[in-house]
Amino acid sequence: MKQFYKFSILFALVAFVFTSCVDDKDAAPYVPGQSGFQLSNAGAFGKPNTSSITGVSIVDEDTTVSQGAFESANNEKVLGLIEGFSSNGTVTVINAAASDRIIIANAQTLKMNFEIKENVHNPRYTAFDGNTAYVTMWGEQQPDYSYANPKILVINLSTGEVTKSIDCGLSPEGILFHNGKLFVASSASFNVEVYDVSDLDAEPTIINVNAVPQHFVLDYANNVWVSASETWSLPAEAANKGLIKLSSDYTEVSARISYEGIGSDGFVNISENGTKAFVIGAESWPSTKTEIVEMNLADKSSSTIITGEGFTGVAQNPATKDIYVAITPDFENAGYYSIYSETGTPKFENQEAGVGPFHFIFN
Amino acid sequence: MTKGIISIVFLFSSISLFAQDEFQLPDRELKEVEITAKTMKYYSQGTHIQSFDSTQLALANDGSLANLLRDKAGVHIREYGAAGQLSTISMRGSSPENTAIVWHGINLNSMTTGQTDMSTINTFYFDDIDVQYGSSSAQYGSGAVGGAILLQDNIKWNQKNSFELQTAYGSFNQQFYGFKAQYGNDKWRHKSAILYQSADNDYTFYNDYAKEEQTQNNAGFNHFGVLHESHFRPTANSEISLNLWYTKDEREIQPIMGDNLNPSRYDSLSNENFRAVLNYKIDGTKWTHNASVAYVNDYLLNGESKIASERIIGDYRAETSLSDKATLLLGGTVNHIWPDVYAYAANTTETRSSLFAAIRYDFNDRLSASATIRQTWVTGYVAPFTPSANLTYLAIDNQKNKLTIKSSVGRSYRVPTLNERYWGGETNSNIQPEDGYNVDLGGDYTLTSNSLRFNLNVTGFYLRTSNKILWVPGNPTYAKNVKNARSFGVESAAKLDNYHSNHRLKWAVGLSYTFTDAQNMDKEKQLIYVPKNQFKNYVTLNYHKWFINVDHQAIGKRTTSNDYYNLDAFSVFNAAVGKSIQFNKTALRITFKVNNLTDEAYQNYEEYPMPGRNYMMKANFTF
């Protein structure tokens, strides 16, 4: 029996030597600064814990980075595929599509003012009009993976109440408020819908853009542009994809900057002075390179200024004019952001972010 | 507190008494029917193989392969919720695509997804199951990177016809009805198994998001399957067999915890699988020839999306004894695949062909070596040349002590799945096979006294994988070789029993521990959902016709995609008590099982709460 005890001790020793735990890693607390930025990390499908907000704060010359900025500010997680992440300078609206949740938070501190869940199904993007926010909502998912009852929600930002909901076209994605009109991209069609805010119950004007509309930008001359791509079920002609300018009376397409390689989600962002748009696309398959294409909205020229792998978001910092690029290397690991000069020269590359980074908000 | 005390007492009693090991090198290949060519296990003698025979399977034969391996093997099973939900395997830190599930020479992994859902394979169908740890691509081809699971039938020619009827009923409306028979004569021998299993899985759990107790919704399933084999011996030295296996699973997909009360997020899955293998073996004067042709049809319907494939596999192998000490095996296989997937280009097909050779040389009764090589060609590219070598040495062999030293080294590969290669309508021409190698060194020690028997098996391993494939965002989303990984660790198991004694009380105590340090080499982070530490222990008591069994598993923390969120460790006890009753020629075995004895609230996979304490009553008749 002595032998057994000897082996027992040996076995326990081996187990002890090799036993080491998976260490928990704590995100730094979020400390709002004089300047900085926030980056939304959409997260992975079916894993609400992967949705987060990276907060970068600059106080004097000290920079702090929190990978759990929202959680730090609210002691709870965002949960569930962040789609829209936009701010009017006072509040930030976070649309968590998979958890059917619209969060209205203080733009500086990210402290949650209101949470809207009732009758919210797959919220997408937000447009601001003073104290009102308009949020697109795909509706309830059906057994065949289509979505029913799409809506535009009208939200009072002071009370967090949904004051009105409007029926709209299928899969409303990007949304823009401008000049008393509400522009909505129905991404299960080729249609841009234009609503008159003074009478939201009236039928919208429909503009067929001959590609799948995704997101809007407003240029330096107050022209409305919409990015347009194609999807698996809605292929579009190559020449129709890219950035599309709407006519000044918002009834038709007035110009196009064709870009065959535009990503299917049509990611677009406007430059700090409104003269250029940054669009994410890719070289033709099977190339795996993604690229940031700069489109001059005046002369309609375009050029690739940054190439790399896994670009999913881009924005220009209005203070420094640097270009910030969000990078998603895969759907299993945390992503990065890189900072480039206005001309595309790398300044800081592959800084840590969360899973699936997409949208920047600069303080 | 109570759970903690039970855990500690159990753990220390196991250590002090020592424990079980079924991780010993099996000798079943030496007992095979004389006509049968030796299996690839014969050429893998240096690897770590854990075997479950019919006796060991009896207690777990109302569940799936996922349940068996979760409770008894040094692997990690990722369960996406209740029994019947998606369950995948991770061996030595590898991904589910990197374990080959082999039945009659067919790798059951889906050609489209590369995985096998372990919850759809019920152990009731099989007589023996082997778990071969470490790379065995040279033996079993693509995907055998972390290891291989070998599902086997044990046809007994010279025994009486036997029949088995089993039924079980338990919590959450768990139901099981199964019938199995082996019958025939000297010329013909048949095996048939048919089963139906279902559960509502409407258990209660605490929803962390809603901060309340909720009833689990949309997690029910049912499984129907039939397996039939007919073996015919036209002559004394030849055998023809036809093996058929059909299964159908209808499942609600358990929603993530936050969507439990949101019917718009409920989903379902239906899959049917049919496998047929026609085999001919003939034992010539010099060579044993073994030829087979197989047809496999995998069909999965998720909503309106169909993911299906058909394949025909031809396999031929010939084996000869070069001398009293040397055995040579030569063979080749061709696998032609027709996928039917909405996201592939029309008329997509793929052919995979392999040539392989294996040789084993037994220098003497103590020292044995083997080598295997394989080369695979796939439509459009060539897979890595795959060699492997095995060595065993019987260092001590006397009446009381027996120590075998084992070692193996082998290259491994996984060719891209059809989804990884053809998703999006165009061929992904950049993607390469995953490549890697594995080194094992271990020992198996047995000490026998008059009344006690002690066995200890320890294997250290190092597994390196490059060009690992992940899905990345793109236009369209595509698969890409982006990651390098390595894992090292120890698989250890010990067992102490008195089965050789004359005592009426027979007992066995087992303890196994698996340490897996698996790193994403580009990030220095433990691979997601791979526990570093796993303890799996058991105690079994048999007295007269009664038996009691208690299993315990303790799984350590696991990392997730979120670098700042780890899944908590958990510890689960399962218990069973039963009695065997004899009526003339019919034996009845009644078992009462309590799963999750301490009502542990835990998640095996992120966001999917597991059932709390639950019960099952099982009756098994053999005649």
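The name an unreviewed UniProt entry gives chain B is TonB-dependent receptor-like beta-barrel domain-containing protein, with Flammeovirga pacifica as the organism. UniProt's Sequence similarities (unreviewed entry) comment on chain B is quoted here verbatim: "Belongs to the TonB-dependent receptor family."

Under an unreviewed UniProt entry, the name given to chain A is Cell surface protein, and the source organism is Flammeovirga pacifica.

A few words on the pairing of strand 9 (residues 132-137) of chain A. Residues and elements named next belong to chain A. With respect to burial, strand 9 is a largely interior element, 5 of its 6 residues being buried. Direction of pairing for strand 8 (residues 123-129) relative to strand 9: antiparallel, over a ladder of 5 bridges. Of the residues in strand 9, the one forming a bridge with D129 is T132. Remark: 2 residues form the turn of the hairpin made by strand 8 and strand 9, two consecutive strands paired antiparallel; G130 in that turn has positive phi of roughly 60°.

Now for the interface of chain B and chain A. In this assembly, 62 residues from chain B lie in contact with 57 residues from chain A. Taking both sides of the interface into account, the surface hidden between chain B and chain A amounts to around 5,300 Å²; carbon and sulfur atoms contribute 59%. On the surface where chain B and chain A come into contact, there are 3 salt bridges. The shortest N-O distance in the salt bridge between K480(B) and E309(A) comes to 2.6 Å. Along the contact surface separating chain B from chain A lie 18 residue pairs in polar contact (both at pLDDT 80 or more). Those elements that place two or more of their residues in the side of chain B that touches chain A are helix 1 (2-17), strand 24 (434-448), strand 25 (453-472), strand 26 (478-497) and strand 27 (505-520) of chain B. Of all the elements, strand 26 of chain B adds the most residues to the side of chain B that touches chain A, at 7 residues.

The subject of this paragraph is the sheet that holds strand 4 (residues 82-87) of chain A. Residue and element names in this part refer to chain A. In space, the 4 strands of this open sheet follow the order 4-5-6-7, with antiparallel pairing throughout. Here the strands that pair on one side only, and so sit at the sheet edges, are strand 4 and strand 7 (112-116). Averaged over all pairs of adjacent strands, the angle between their axes in this sheet comes to 15°, without regard to strand direction. One ladder, built from 6 bridges, connects strand 5 (residues 91-96) with strand 6 (residues 101-106); its direction is antiparallel.

How each quantity is defined
- Residues numbered from 1 in each chain as written.
- Chains lettered and ligands numbered in written order.
- Predicted model: local features only at pLDDT ≥ 70, side-chain atom pairs only at ≥ 80, totals over all residues.
- Heavy atoms only, no water.
- UniProt positions renumbered as here; feature names shortened; annotations may be inferred.
- Buried < 20%, exposed > 50% of the residue type's maximum accessible area, 1.4 Å probe, protein only.
- Helix = DSSP H or I, 4+ residues; strand = E, 2+ residues; numbered from the N terminus.
- Pairing = 2+ DSSP bridges.
- Contact = heavy atoms within 4.5 Å.
- Buried area = accessible area lost by both parts, 1.4 Å probe.
- Salt bridge = Lys/Arg side-chain N within 4 Å of Asp/Glu carboxyl O.
- Polar contact = N/O pair within 3.5 Å; in protein donor to acceptor, adjacent residues only side chain to side chain.
- Axes fitted to C-alpha atoms, helices over the stretch in contact; angles between N-to-C directions.

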